[in-house]
Amino acid sequence: MARPGSGLLMPVNGLGYPPQNMARVVVWEWLNEHGRWRPYSAAVCHHIENVLKGDARGSVVLGQVDGQLAPYVIDLQSMHQFRQDTGTMRPVQRNFYEPSSAPGKGVVWEWENDSGSWTPYDMEICVTIQNAYEKQHPWLDLTSLGFCYLIDFNGMSQTNKQSQRKRRLRRRMDLAYPLIMGSIPKSQSWPVGASSGQPCSCQQCILVNSTRAASNAILASQRRKLYGSGGANAGAAGALPVVRQSNTFAGTSLWSPTSGASSSSSSATTGNNNNISAGGGGGGGGGGGHAKAEQVQSLLSSANFPCSPVTAAHGHHALTINGQNNLNRPGTQRISVGAARGAIPAGVPALPVKNLTGSGPLHPALAGMTGILMCAAGLPVCLTRAPKPILHPPPINKSDMKPVPGINGMRRKTKKKHLRKGKNPEDVVRRYTEKIKVLPDEDCTICMERLAMASGYEGILQHKGIKPELVGKLGKCGHMYHLLCLVAMYNNGNKDGSLQCPTCKTIYGEKTGTQPPGKMEYHVIPHCLPGYLDSKTIRIVYDIPAGIQTNEHPNPGKKFSARGFPRHCYLPDNEKGRKVLKLLITAWDRRLIFTIGTSSTTGESDTVVWNEIHHKTEFGSNLTGHGYPDPNYLDNVLTELSAQGVGEDNLKD
């Protein structure tokens, strides 16, 4: 089925905006970490437009209209969303749609996520779905938009064509997005200044122009990959399809005829449409027209970029590139850190947008706010991003994976019932306690009744061999409780034959968990971890499939998910690292590494989660806190294993 026409207004003049006498709906959007533009709600967009009318260069406090967005501020000067508590900055854009489209009518299409709440589609997809719905199509294939989903309007469901998983779909009415008429407000070009008509050759202008050109090239390459517009088709046609950039990049053409790029690249753009196409004739566009690192580097090293209108007060350096202040534009953040550092002249501060490690010169929130203030004042700022975490080592052949010295085998599998269960709760409690005749004047910390009184579980729990007034003392730690309270605590746990003191957490017997069946592999790889340059690396691979919960789990009979498997973890291949591995194998055999619960990161329930034994899942960096170097990690994980009853006394020679 052919894709219905979307309600998006395509560029029809040099600025990429519709004619001045046409009405259009305004939708403000922010760029998420997956490269998708996510729309703000209609109420938030109305609020932004109201602020925009009063102060085109001001800021918008989103929390004034939506309490959930309280930490966020939009800086209209730089077109970025700023999170005040973390310093995270994301590009925003102002998009335009036809009044008859979904946002103009207040129609919102949403899909049901794993937590049972509803998530709105991207606005482009929402418009497409609404068009198909109005034309009474029975279904809609979203493949043309880059998603392998099939929308069934009769069953109001979304089906993943690969996994065949179905999700519910709904259409609801909301506030219509703001409608504007006439010419685009001057606030669309920041700041507004007189045109000198001549390019500027100062170091600062060269920096901004080169940064913008290189970042736009990277952005275009990413979009070609994202939307699949490359490969054989591009090579056969001789040129890549046109890539339409967002309104925040409106201005002159990306490549200059005077730049060091090939003539085929420079001729790909005309006027101010900001549409680019690479490849085709000429010898410089090989590889199907994909942007190459060498081309970007040559662009950075050359100073031949056009610098269109600059403000008359050049001494203040309130730069405008293509009518915009580009020191803080989205493209500036997309440039690679290495290339950016190579192009930054002396005296231009580099402020980290998001510093996860805390090792930078500024706190992330302070860095982001400083960047906004300096940009608004027309001062030079070059925003950089923290490097991405290195999660995995380079590719490794199977022949290079060696057994860990001193440990037999390279794989373990869990059994559903690894340890024998106690015969009955009374036997387990009597095994680890001794009766007390002279009772101290204190409370039982389980039922909060005095030890001299009967257990609070009297009448609720009855066992023939244990009377409510009997008190016992645990053998190792000496803490005292009603025996009936200990029985109740045991019945409420895993019933694995072990007992754990609720006061000091001392474990009696062998504690086991509720980890679902799976496998654990471990081997040595010929790479070293940061901080352990003299040692190879032990790699642990956990793999647990999704399944059905049993009686020992929170919701017996209900399905549980297993996200992110197989999970790769790393230890140094030294004496202490091998010691930790041996104890982790014991913990795996006792089903203590994972459990079924609610994810602390995604909020998803009934899923496999870590069980209080931390692992290092980041191989070559420590940006997330789950990598190396971390000189205290091995000692910390030994303490965590000991708290689970897996101590050095469990090591076998």
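Relevant structure appears above.
This report concerns the structure included in the present document. (Residues numbered from 1 in each chain as written. Predicted model: local features only at pLDDT ≥ 70, side-chain atom pairs only at ≥ 80, totals over all residues. Heavy atoms only, no water.)

Brief notes about the overall build of the protein chain
And then number 1: Helix and strand content of the protein chain: 14 helices and 28 strands.
And then number 2: Buried residues in the protein chain amount to 48% of all 653 residues.
And then number 3: When contacts within the protein chain are restricted to residue pairs at least 6 apart in sequence, long-range pairs at least 24 apart make up 65% of them.
And then number 4: Surface summary for the protein chain: the accessible area is close to 31300 Å², and the carbon and sulfur share equals 52%. (Helix = DSSP H or I, 4+ residues; strand = E, 2+ residues; numbered from the N terminus. Buried < 20%, exposed > 50% of the residue type's maximum accessible area, 1.4 Å probe, protein only. Contact = heavy atoms within 4.5 Å. Areas by Shrake-Rupley, 256 points an atom, 1.4 Å probe, with all protein chains shown as cover.)

What about the nonpolar core?
And then number 1: Ranked by internal contacts, the top residues of the largest apolar core, which has 39 residues, are Met520, Ile540, Tyr542, Leu571, Leu581 and Leu584.
And then number 2: At the level of elements, β22 (519–525), β23 (537–543), β26 (567–572), α13 (575–589), β27 (594–597) and α14 (633–643) are the ones that each hand at least two residues to this core.
And then number 3: The element that contributes the greatest number of residues to this core is α13, accounting for 7 residues.
And then number 4: Sequence-distant contacts of Leu571, defined by excluding residues within four places in its chain, comprise Leu529, Lys536, Thr537, Ile538, Ile540, Gly577, Val580, Leu581, Leu584, Tyr628, Tyr633 and Leu634.
And then number 5: Of all hydrophobic cores here, the second largest spans 38 residues; its members include Tyr121, Cys126, Ala132 and Leu140. (Core = buried A, V, L, I, M, F, W, Y, C linked by side-chain atoms within 4.5 Å.)

Things to note about the sheet that holds strand β11 (residues 157–160)
And then number 1: The strand order across the open sheet formed by 6 strands is β8-β7-β12-β11-β10-β9, and the pairing between neighbours is antiparallel. Every interior strand has two partners, whereas the edge strands, β8 (118–120) and β9 (139–141), have only one. Strand-to-strand twist across the sheet, computed as the mean angle between neighbouring axes with direction ignored, equals 30°.
And then number 2: Direction of pairing for strand β7 (residues 107–112) relative to β8: antiparallel, over a ladder of 3 bridges. When the bridges of β8 are listed, Glu110 appears paired with Pro120.
And then number 3: Packing of helix α3 (residues 123–134) onto the sheet brings it into contact with β7, β9, β10 (149–152) and β12 (166–173), and relative to β7 it is tilted by some 105°. (Pairing = 2+ DSSP bridges. Axes fitted to C-alpha atoms, helices over the stretch in contact; angles between N-to-C directions.)

A short note on the side chain of Ser621
And then number 1: Tracing the backbone through its elements, the reader meets Ser621 in the loop between β28 (607–610) and α14.
And then number 2: On the accessibility criterion, Ser621 (12% relative accessible area) is buried.

Some remarks on the pattern of salt bridges
And then number 1: Taken as a whole and judged by the stated rule, the model has 27 salt bridges.
And then number 2: With its nearest N and O atoms 2.6 Å apart, the salt bridge here joins Glu110 to Arg170. Taken together, the positions of Glu110 in strand β7 and Arg170 in strand β12 put the pair 60 residues apart, joining distant regions of the chain.
And then number 3: Of the residues examined, Glu110 reaches a relative accessible area of 4% and is grouped as buried.
And then number 4: For Arg450, the salt bridge goes to Asp443, with nearest N and O atoms at 2.8 Å.
And then number 5: Owing to a relative accessible area of 30%, Asp443 belongs among the partly exposed residues under this scheme. (Salt bridge = Lys/Arg side-chain N within 4 Å of Asp/Glu carboxyl O.)

Looking at the pairing of β7
And then number 1: A large share of β7 lies buried, amounting to 5 of its 6 residues.
And then number 2: Of the strand pairs in this sheet, β7 and β12 are connected by 5 bridges, and their pairing is antiparallel. From the neighbouring strand, Trp111 faces β12, where its bridge partner is Leu169.
And then number 3: In textbook terms, the turn of a hairpin is the stretch between consecutive antiparallel strands, and for β7 and β8 this stretch comprises 5 residues, one of which, Gly116, has a positive phi near 90°.

A look at the sheet that holds strand β18 (residues 471–474)
And then number 1: On the basis of which strands lie adjacent, the open sheet formed by 3 strands has the order β17-β18-β19 and antiparallel pairing. Every other strand in the sheet has two partners, leaving β17 (433–435) and β19 (480–482) as the edge strands with one partner each. Taking the axes of each pair of neighbouring strands and ignoring which way they run, one obtains an average angle of 40° across the sheet.
And then number 2: Sheet topology note: the β17/β18 ladder contains 3 bridges and is antiparallel. Bridge pairing links Lys435 to Gly472 in β18.
And then number 3: Sheet strands touched by helix α11 (residues 425–432): β17 and β18. Its angle to β17, the strand with the most contacts, is close to 80°.
And then number 4: Sheet contacts for helix α12 (residues 483–491): β17, β18 and β19; angle to β19, the most-contacted strand, approximately 85°.

So, unusual backbone geometry
And then number 1: Put simply, Phe565 and Pro566 share a cis peptide bond, and its omega is 0°.
And then number 2: With omega at 5°, the peptide bond leading from Tyr628 into Pro629 counts as cis.
And then number 3: Here Pro629 is to be found in the loop between β28 and α14.
And then number 4: The backbone of Met156 shows a phi angle near 50°, a positive value even though the residue is not glycine.
And then number 5: By the element assignment, Met156 lies in the loop between β10 and β11.
And then number 6: With a phi angle near 65°, Glu612 is a residue other than glycine that sits in the positive phi range.
And then number 7: Relative to the helices and strands, Glu612 resides in the loop between β28 and α14.
And then number 8: Given a relative accessible area of 60%, Glu612 falls into the exposed group.

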